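Coordinate inspection notes
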Amino acid sequence: MAGAAAGAESTTEIGRRVLRLRTERGFTQRQLAEPAYTAAYVSTLEAGKVRPSEAALRHLADRLGISYEELTTGRSPRDATRLRAAVTDARRALATGAAEDAAELFEQVRDEAERLGFAEERGAALLGLGDCALETGDLTVARDHFQAVERLLAGEPLPRRIPAIRGRAVAHLLAGELRYSCYLLESAIDELNASGLHDPYALLLLYTAAIAPYMDMGAHARAVRAAELALALAPSVDDPGLIARMHRGVARTLIAEGRTAEADASLAKAQELYEQLRIHTDLAHCHWMRGYVHAQDGNLERAERELRTARDMLASKRAALFTVQVEVELADVLRRRGRTADAEALLLPLLARTPAEGAADAPGEPEAAADGVGLTADRGAVHAGGAHRLLGLIADERGDVEAAEEHYCAALSLLERTGAAGDLADLCRLLGDLLRREGRLEAAMDAYRTGLGHRAAPGTTTLGPAPAEPPM
């Protein structure tokens, strides 16, 4: 009974808190104790030598002008409300401005929440910092923040940890670690469904996040099924931002099936929601994907317009990694429009740059890699492979066989690490054709066999059984 009265805090901690609050308010022990208790009782309590009853704690809280919860836990409801409002402000700053500016706000919340012992608010701030790091391309930092959230909430139900798991999976996806990204998402889905925790929001978050790595790995059937399950879960979720993200994911599966009109309609829904919510980065992603849809449809002029809009929006947000990824796809459109010199000038700086040093911008183009961040084996590996593939095509078209082979082989090395099956098969075909034209038939056959190995059974070479499905 007495243990329940004192709550989760120890007798010593409560005694110290009473002493601090009494001193701050200028009360004597007698003034605090009367009329129900004695000064000696308060003295003993402050020394941590007696476990106070609930009645005693309620009396002391009333005299000190605070809530019973604040006295027993040290958590002020006012502080909690203030910190949650600060998290909302930081989220708004991330949606509409630069990630670095939002990160400063999240850091302030994290530090104050840690000082006050507010685990939930600290977790929300760490999650925001992880999202900021994803946007700036600091993938290792992002993973560290998301893992910190998972540790902080280790004792909480799994649905509480799902946003952090999803964030970590996205960080691995952007690094080119597609298989591990799928593993994280599928493990969480299996655990949720096996434990009966069929939380619609958590499941929608996971299924939506799984579509991109599935598509990149060539596991199209799984991507389509994830999209179907996401659409079925959507009516149970009241989060416009997540619904918009789902429509973006579903559009990828529709594009792969050649249903470009439906894909564009899905993206239009997402774009409308993002415009209402003023989420600028995700709105830029919609323009990015609509550019891809138009490119697939052969409408290269509209594709270029959408991709330039996406690139400019992301550059203004200083979303470095996403900016250079869009530029790879823009370069593909420029090459297909016959502007190979412009495409090459755009691509070369993306591969030359590192976080520490920049390269000259392409003539007539805005800064090619925002804040000096380029594409590497551990930062945007799929797009780095795509950039080398495009440079190989350009070199091949102008008859520079040596440069073409060098770029194709660089792309092959990058894409083999990621497991991007569809891109690998196409690249092996290009390399095989080049080697065959040069009369190197044995090497060409090896390239074709490698491509056929990746194309034979999309996804099955790297993924195990599909995760369990929730009851719908």
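All values reported here derive from a predicted model rather than from experimental measurement. (Residues numbered from 1 in each chain as written. Predicted model: local features only at pLDDT ≥ 70, side-chain atom pairs only at ≥ 80, totals over all residues. Heavy atoms only, no water.)

1. Quick notes on the overall build of the protein chain
Along the protein chain, the regular secondary structure elements total 24 helices and 0 strands. Considering only C-alpha atoms, the protein chain reaches an extent of 100 × 50 × 40 Å along its principal axes. Each of the 472 residues in the protein chain was classed as buried or not, and the buried ones make up 52%. Excluding contacts between residues fewer than 6 apart, the proportion of contacts in the protein chain whose partners are at least 24 apart in sequence is 61%. By element, 50% of the accessible surface of the protein chain is carried by carbon and sulfur atoms, the whole surface being about 20800 Å². (Helix = DSSP H or I, 4+ residues; strand = E, 2+ residues; numbered from the N terminus. Buried < 20%, exposed > 50% of the residue type's maximum accessible area, 1.4 Å probe, protein only. Contact = heavy atoms within 4.5 Å. Areas by Shrake-Rupley, 256 points an atom, 1.4 Å probe, with all protein chains shown as cover.)

2. As for the packing of helix H18 (residues 300-316) against helix H19 (residues 320-336)
To characterise two packed helices, one gives the angle between the axes of the helices and the distance between these axes. Their axes nearest at 9 Å, the elements H18 and H19 cross at an angle of 160°. One finds that H18 runs roughly antiparallel with respect to H19. Crossing geometry of H18 relative to H19 is assigned as left-handed. On the side of H18, the interface is formed by Leu300, Ala303, Glu304, Leu307, Arg308, Ala310, Arg311, Leu314 and Ala315, while H19 contributes Phe322, Thr323, Val326, Glu327, Glu329, Leu330, Val333, Leu334 and Arg336. (Axes fitted to C-alpha atoms, helices over the stretch in contact; angles between N-to-C directions. Parallel < 35°, antiparallel > 145°, perpendicular 65-115°, else oblique. Left-handed = near helix turned anticlockwise from the far one by under 90°.)

3. A short note on the pattern of salt bridges
Considering all chains together, one arrives at 42 salt bridges under this definition. Among the salt bridges present, the one from Arg290 reaches Asp264, with a minimum N-O distance of 2.9 Å. Of this pair, Arg290 sits in helix H17 (residues 280-297) while Asp264 sits in helix H16 (residues 260-277), and the two are 26 residues apart along the sequence. For the pair Arg290 and Asp264, a shared accessibility class is recorded, and that class is buried. Several salt bridges converge on common partners, so that one network encompasses Glu304, Arg308, Arg337, Arg339 and Asp342. (Salt bridge = Lys/Arg side-chain N within 4 Å of Asp/Glu carboxyl O.)

4. Quick notes on the side chain of Asp282
Along the chain, Asp282 falls in helix H17. Of the residues examined, Asp282 reaches a relative accessible area of 17% and is grouped as buried. Not counting residues within four places of it along the chain, the set of residues in contact with Asp282 comprises Arg248 and Tyr274.

Shape descriptors only; they carry no functional weight alone.
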